[in-house]
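Chain residues, written in single-letter form:
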Amino acid sequence: MIQKCVLEDDNTVQQIWALQHIAYRLEAELIGFKELPPLMDTVESIRRSGETFYAYVNEYEEIQGVISIEQEEHDTLTIARMMVHPTAFRQGIASQLIEHVFAQYPNVPLYIVSTGKLNQPAVALYEKYGFRPVETFEVAPGVKLTTFHRLNPALSQVREDSVD
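Quick caveat, the model's predicted, so the values are computed rather than measured. (Residues numbered from 1 in each chain as written. Predicted model: local features only at pLDDT ≥ 70, side-chain atom pairs only at ≥ 80, totals over all residues. Heavy atoms only, no water.)

Summarising the element assignment, Thr12 is placed in helix α1 (residues 10-31). Other than its neighbours up to four places away in sequence, Thr12 contacts Cys5, Val6 and Ile63. (Helix = DSSP H or I, 4+ residues; strand = E, 2+ residues; numbered from the N terminus. Contact = heavy atoms within 4.5 Å.)

Written out as structure tokens, the structure reads:
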């Protein structure tokens, strides 16, 4: 089940922090960069992030996956964090989280996400959902991040129809 996280709840934020450290350590190994910003977070920095968090929670009330978003007015929504516990890989949790965000924010024209260029599982996931690379930049020697954009297909169709 996917639910919006209440960051005032200590147990919730502790679970997010623990999951983040497990998941982003794996990404750090994949892309060869140990200083990923999510690994520097504390419980308090997550709580104060200003992001909206959604969690996939199993039947034991354990958080197995998290997506967080930042919305700038109504024009843009950025997926700031995406993480799934390694024991829950390949169960469709990341897909469910992305689909949940699209369903919760159906009128956003542009969705943005960034990930390590070498993080092929994440790149494949985002491309599966229509995200296209728009920029790759080096954040440290030999470490590249790619930013992806996804135009909202429902709103793109409206724009195309109104041009005719």
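So, next bit.
Its volume calculated, the largest pocket comes out at about 1100 Å³. Taken together, 41 residues make up the lining of the largest pocket; nearest its centre are Glu27, Met82, Asn119, Ala122 and Tyr126. When contributions to the lining of the largest pocket are tallied by element, the ones reaching two or more residues are α1, α2 (37-40), β4 (76-84), α4 (93-104), β5 (110-116), α5 (120-128) and β6 (132-140). Across the lining of the largest pocket, the residue classes break down as 28 nonpolar, eight polar and five charged. (1 Å grid on protein atoms, 1.4 Å probe; cavity = no way out; pocket = protein on both sides within 12 Å on 5 of 7 lines; lining within 4 Å. Points joined across faces, edges and corners; volume = space filled by probe spheres on them. Nonpolar A, V, L, I, M, F, W, Y, C, P; charged D, E, K, R; others polar.)

On to the environment of Tyr105, then. Structurally, Tyr105 is set in the loop between α4 and β5. On a C-alpha basis, the gap between Tyr105 and Gly142 in space is 35 Å, while along the polypeptide they are 37 residues apart. Those residues within four positions of Tyr105 in sequence are excluded, and the remaining contacts are Thr52, Tyr54, Ile69, Gln71, Leu77 and Tyr111.

Another aspect to go through is α4. In this model, α4 (12 residues) spans 16 Å end to end at C-alpha, consistent with the 16 Å of a helix rising 1.5 Å per residue. Regarding α4, the residues found buried are Ile93, Ala94, Ser95, Leu97, Ile98, His100, Val101 and Phe102. (Expected span 1.5 Å × (residues − 1). Buried < 20%, exposed > 50% of the residue type's maximum accessible area, 1.4 Å probe, protein only.)

A few words now on the nonpolar core. Ranked by internal contacts, the top residues of the largest apolar core, which has 26 residues, are Ile67, Leu77, Ile98, Tyr126 and Phe131. Looking at this core, the elements that each hand over two or more residues are β2 (52-57), β3 (63-72), β4, α4, β5 and α5. A per-element tally of this core places α4 first, with six residues. Not counting the four nearest positions on each side in its chain, Leu77 is found in contact with Ile69, Glu70, Gln71, Val101, Tyr105, Val108, Leu110, Tyr111 and Ile112. (Core = buried A, V, L, I, M, F, W, Y, C linked by side-chain atoms within 4.5 Å.)

Further remarks concern the pairing of strand β7 (residues 143-151). The pairing of β5 with β7 spans seven bridges and is antiparallel. Along β7, the bridge assignment pairs Ser114 with Thr147. The pairing of β6 with β7 spans seven bridges and is classified as antiparallel. Bridge assignment links Glu138 to a residue of β7, and that residue is Lys144. Counting the residues between successive antiparallel strands, the hairpin from β6 to β7 contains two residues, one of them, Gly142, with a positive phi of roughly 80°. (Pairing = 2+ DSSP bridges.)

Purely spatial values, then, with no claim about function.
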